[in-house]
Amino acid sequence: MKNSQTFHDVRAVLSRLFMGRISVRGGNFQELRQAGVRRNARNPRVYSLPSRKEEEFVYTSISPSSVECRSSSVLLLYREGCPVHVGLQAMERPQVTYVPCGFSPTLRGNLLQRKKMKVLAALDRMYALPQKRNNLVGYLKNRFPGTPKAGIFAFFSPLIRSCVRKTALDKNAGTLDVWMEPRKAGMRSYHLLLMKTPGETKLRWVWIEAGKNDNIFGGGVG
Amino acid sequence: MAHSSGNLLLGYIYEEHAQDVYRGALLVTDSRGIPKDFRYTEPIRPSRLEKVLYGNALGAYLLEEVILGALVDALSVSPALWLCERKSLFLPLYKKSRIPTFLLHQGGHAPLDHVGEIQPQPQENIFLVQLYALSDALRIEVPEQETSKMEQHVALLLEVAETMDVMEPFGRIATALAAVEESPSEPSRNEKLSNLS
C-alpha cells in the first residue's frame with residue numbers, strides 16, 4: 001500500500017512536470033471534516049424603559065459590534081462607534097455594562113426622575129414684552145403697484161388701537177414694538193402708517209381702521 | 001370685522017436644544033396676542049447615564065415625553081388651536097392634547113390670489129394658506145385626522161389674523177426665555193413653581 005502510494009505520488013509529480021497534468025481526486029462532503037464553529041456573540045438582554053411600549057430588537061449574530069434597539073421612537077444603544085453590549089439588569093437599580101474595544105468598564109448610576117422636572121410660570125415677564133410688527137410696505141408696493149403710496153414709509157398691521165399702551169420704532173430692524181394693555185377692551189383692528197403728506201417735510205403716524213378705508217390702497221389689505 | 005371679545009385662545013409651543021441643553025415653553029394668547037398663560041421648563045442637561053441609555057433617542061425622549069408632557073400638564077387654560085414652528089413636537093403635541101395642531105412655516109411661498117385661499121400641496125396633509133393680504137402664503141401641515149376639518153380650522157385662524165400677527169408670538173417666547181435665562185434670580189410677582197409628579 002505504501003509502495004503503491006509512493007508510486008502514484010511519483011507518477012503524479014512526473015506527469016505534472018513533463019505533461020502539465022494535475023491529478024484530481026474525487027470525494028463528498030460527508031468525508032470532509034466538520035469545522036468547529038463557536039458563536040462569540042453575546043446575547044443582549046433588552047428591557048423596556050418605563051415609557052416605551054413596543055420594542056423591535058435588531059442585531060447581527062455574526063459580528064455584533066453594535067446593538068440596535070428600536071421602540072416606539074428609535075432607541076439606539078451604542079457609544080460613539082465603539083462596540084457596545086448593553087445589559088440593563090433592573091430598572092429599579094439601573095446598571096449598564098458596556099465593552100468598548102477590549103476593556104470592560106462598568107457604568108453605574110441612577111436614572112433621574114425626569115417627571116419631577118420644574119415647570120415655571122412667568123406671565124408677568126411675558127406681559128412686559130412688546131409684540132413686534134414687521135414693516136409691510138414692501139408687500140403694499142408689490143401687491144398694489146397702481147395706487148398712490150409714494151409717501152408711505154412704513155406700514156404696520158394689524159393693531160388693536162384701543163389696547164395699545166406704547167409703541168417704539170426699531171429703526172435697525174424696521175419693526176414696530178407694541179406694548180399692549182391687557183385690561184383694556186376692544187377688538188377693532190387698525191393699520192398704522194408712517195408717511196409724509198405732500199407739501200410737508202415731517203413724517204407723521206397715521207391710524208387707519210382696517211377694512212373701512214382699505215380701498216385707498218387698492219382694496220383688501222386688512 | 002369687529003369682534004365682541006378676544007376669548008379665542010391660541011396655543012404656541014416652543015422648544016430649543018443646543019449644546020446638550022434642552023428646554024421648552026408654552027404660550028397661550030387671546031386673539032389680540034395678549035398672553036393668558038406662559039410656562040417654561042428649566043433647562044435639562046442629560047446625564048451620562050441617560051446619554052448611554054437613550055442614545056440617538058435622547059432628544060426625542062426629553063422633548064416629547066419629559067418637556068412636552070410637563071408643560072401641557074401644567075397649563076391652566078386650553079387653547080382652541082395649537083401652533084408649532086418645529087416638527088419635533090407637532091404630532092406628539094396633537095397626540096397628547098387631542099386639540100387641533102398646526103405646523104406653520106412662513107417665508108418662501110409666493111402669495112396666493114386672495115385672503116382665505118387654501119391650496120392643497122402634493123405632500124399629504126400640507127396646505128398653503130393666505131392669511132393676510134400683505135404677506136407670503138403660510139405653509140400649514142395638519143395631522144391626518146384633522147385634514148377633513150381644514151376649512152373650519154383655517155376660518156378660525158383667519159378670524160384671529162384680523163387682530164394679530166399669528167406668527168409673532170414664537171419670537172416673543174424666544175425673547176422671554178432669553179430674559180429668564182439672563183435674570184433667573186429675579187422671579188416675577190406671579191411666578192409660581194409647580195412640581196409635577
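All residue numbers here refer to positions counted from 1 along the written sequence of the relevant chain. Chain A is the first chain written and ligand 1 is the first ligand written, with later ones labelled in order. The predicted nature of this model means local features are confined to residues of pLDDT at least 70 and side-chain atom pairs, given and counted, to a pLDDT of 80 or more, with totals for whole chains, interfaces and linings taken over all residues.

What follows deals with the pairing of strand β3 (residues 35-41) of chain B. Each residue is classified by how many other C-beta atoms fall within 10 Å of its C-beta atom, where C-beta atoms are placed from the backbone; a count of 20 or more means buried, 12 or fewer means exposed, and values in between mean partly exposed. Each helix corresponds to a stretch of at least 4 residues labelled H or I by DSSP, and each strand to a stretch of at least 2 residues labelled E; elements are numbered beginning at the N terminus. Burial of β3 of chain B is extensive: six of the seven residues sit out of reach of the surface. Whether two strands pair comes down to DSSP finding at least two bridges between them. Examined bridge by bridge, strand β6 (residues 118-121) of chain A and β3 of chain B share three bridges and lie antiparallel to one another. What sits directly across from Ala 121 of chain A, in β3 of chain B, is Arg 39 of chain B. In this structure, strand β2 (residues 21-29) of chain B lies alongside β3 of chain B, joined through five bridges in antiparallel fashion. From the neighbouring strand, Val 28 of chain B faces β3 of chain B, where its bridge partner is Asp 37 of chain B. Linkage of β2 of chain B to β3 of chain B, two consecutive antiparallel strands, is achieved through a turn of five residues, within which Gly 33 of chain B is found at a positive phi near 85°.

Let us now look at helix α4 (residues 150-161) of chain B. In an α-helix, one full turn covers 3.6 residues, which means residues spaced three or four apart are oriented alike. All names here are of chain B. With 12 residues, α4 extends 16 Å from end C-alpha to end C-alpha; this agrees with the ideal 16 Å at 1.5 Å per step. Of all the residues in α4, the buried ones are His 153, Val 154, Leu 157, Val 160 and Ala 161. Projected onto a plane normal to the axis of α4, the buried residues spread over an arc of 115° and lie on a single side. Of the exposed residues in α4, those oriented more than 90 degrees away from the buried face are Glu 151, Gln 152 and Ala 155. Throughout, a residue-residue contact means that the two C-beta atoms, derived from backbone geometry, are no farther apart than 7 Å. In the core, the buried residues of α4 are packed alongside β1 (10-18), β4 (81-84), β6 (118-120) and β7 (126-129). Each residue after the first adds 1.5 Å to the expected span of a helix. Our arc is simply the arc of the directions from the helix axis toward the C-beta atoms.

The next subject is the pairing of strand β5 (residues 101-106) of chain B. All names here are of chain B. Sheet topology note: the β4/β5 ladder contains three bridges and is parallel. Within the sheet, the bridge partner assigned to Trp 82 lies in β5 and is Thr 101. Crossover connection from β4 via helix α3 (residues 90-97) to parallel β5: handedness right-handed. Clockwise travel from the first strand over the helix to the second, with the strands pointing away from the viewer, marks a crossover as right-handed.

Below, the discussion takes up the confidence of the model for chain B. All names here are of chain B. For every residue, the predictor states its confidence as a pLDDT score lying anywhere from 0 to 100. Within chain B, residue pLDDT values average 86, and 90% of them lie at 70 or more. Note on residues 1-5: pLDDT is under 50 here. Beyond four places in sequence and across chains, it has seven contacts. Low pLDDT, under 50, characterises residues 185-197; the predicted model gives this stretch 27 contacts beyond four residues in sequence or across chains. Of the two predicted TM-score estimates for the complex, the pTM is 0.69 and the ipTM is 0.83.

As a further point, take the sheet that holds strand β10 (residues 175-180) of chain A. Residues and elements named next belong to chain A. Taken together, the three strands give an open sheet; going across it, the order is β7-β10-β9, and neighbouring strands pair in antiparallel fashion. One side of each edge strand has no neighbouring strand; the edge strands of this open sheet are β7 (131-134) and β9 (164-170). Sheet twist, expressed as the mean angle between neighbouring strand axes with direction ignored, is 25°. In terms of strand pairing, β7 meets β10 through four bridges, oriented antiparallel. In the strand pairing of β10, Gln 131 is matched with Val 178. Working convention: axes come from line fits to C-alpha atoms, limited for helices to the stretch in contact. Angles between N-to-C directions cover 0 to 180 degrees.

Moving on to the sheet that holds strand β11 (residues 189-195) of chain A. Residues and elements named next belong to chain A. Spatial strand order, β8-β11-β12: three strands in an open sheet with antiparallel pairing. The open sheet has two edge strands with one neighbour each: β8 (152-160) and β12 (204-209). Averaged over all pairs of adjacent strands, the angle between their axes in this sheet comes to 20°, without regard to strand direction. Relative to β12, β11 is paired through six bridges, and the arrangement is antiparallel. Within β12, the position partnered with Leu 192 by the bridge is Trp 207.

Residue and element names in this part refer to chain B. Viewed as axis vectors pointing N to C, helix α2 (residues 58-74) and α3 meet at an angle of 50°, and their least axial separation amounts to 11 Å. Relative to α3, the element α2 lies oblique. At the point where α2 passes α3, the crossing takes the right-handed sense. Of α3, the residues touching α2 (which contributes Glu 64, Leu 68, Gly 69 and Val 72) are Pro 92, Leu 93, Lys 96 and Ser 97. Under the scheme applied here, ten amino acids are nonpolar (Ala, Val, Leu, Ile, Met, Phe, Trp, Tyr, Cys and Pro), four are charged (Asp, Glu, Lys and Arg), and all others, including Gly, are polar. Per-class residue counts for the contact of α2 with α3 are four nonpolar, two polar and two charged. Each angle is binned into one of four classes, with values under 35 degrees roughly parallel, values over 145 roughly antiparallel, values of 65 to 115 roughly perpendicular, and all other values oblique. Two helices crossing with the near one rotated counterclockwise from the far one by less than a right angle form a left-handed crossing, whereas a clockwise rotation gives a right-handed crossing.

Before going further, it helps to examine the nonpolar core. For this entry, the nonpolar core is defined as buried Ala, Val, Leu, Ile, Met, Phe, Trp, Tyr and Cys residues connected by C-beta atoms within 7 Å. In terms of nonpolar packing, the biggest core is built from 75 residues, with Ala 122 of chain A together with Cys 84 of chain B touching the most fellow members. With 10 residues, α2 of chain B is the largest single contributor of residues to this core. Apart from the residues lying within four places of it in its own chain, the contact partners of Cys 84 of chain B are Ile 13, Leu 89, Phe 90, Leu 93, Thr 101, Phe 102, Leu 103 and Leu 104 of chain B.

We now examine the confidence of the model for chain A. One rule of thumb: low pLDDT means the predicted coordinates there are not for detailed reading. Residues and elements named next belong to chain A. Taken as a whole, chain A shows an average pLDDT of 66; of its residues, 46% reach a score of 70 or greater. At the level of individual helices and strands, chain A shows its lowest average pLDDT in strand β3 (residues 74-77), which scores 35, and its highest in β7, which scores 96. Low pLDDT, under 50, characterises residues 55-113; the stretch is placed with 101 contacts to residues that sit more than four places away or in other chains.

With an omega of -10°, the peptide bond running from Ser 157 of chain A to Pro 158 of chain A counts as cis. Phi at Asp 20 of chain B is positive, roughly 70°, even though this residue is not glycine. Position of Asp 20 of chain B relative to the elements: it lies in the loop between β1 and β2.

A separate point is α2 of chain B. Residue and element names in this part refer to chain B. In this model, α2 (17 residues) spans 23 Å end to end at C-alpha, consistent with the 24 Å of a helix rising 1.5 Å per residue. A large share of α2 lies buried, amounting to 12 of its 17 residues. Considered for burial, the residues of α2 that qualify are Tyr 61, Leu 62, Leu 63, Glu 64, Glu 65, Val 66, Ile 67, Leu 68, Ala 70, Leu 71, Val 72 and Ala 74.

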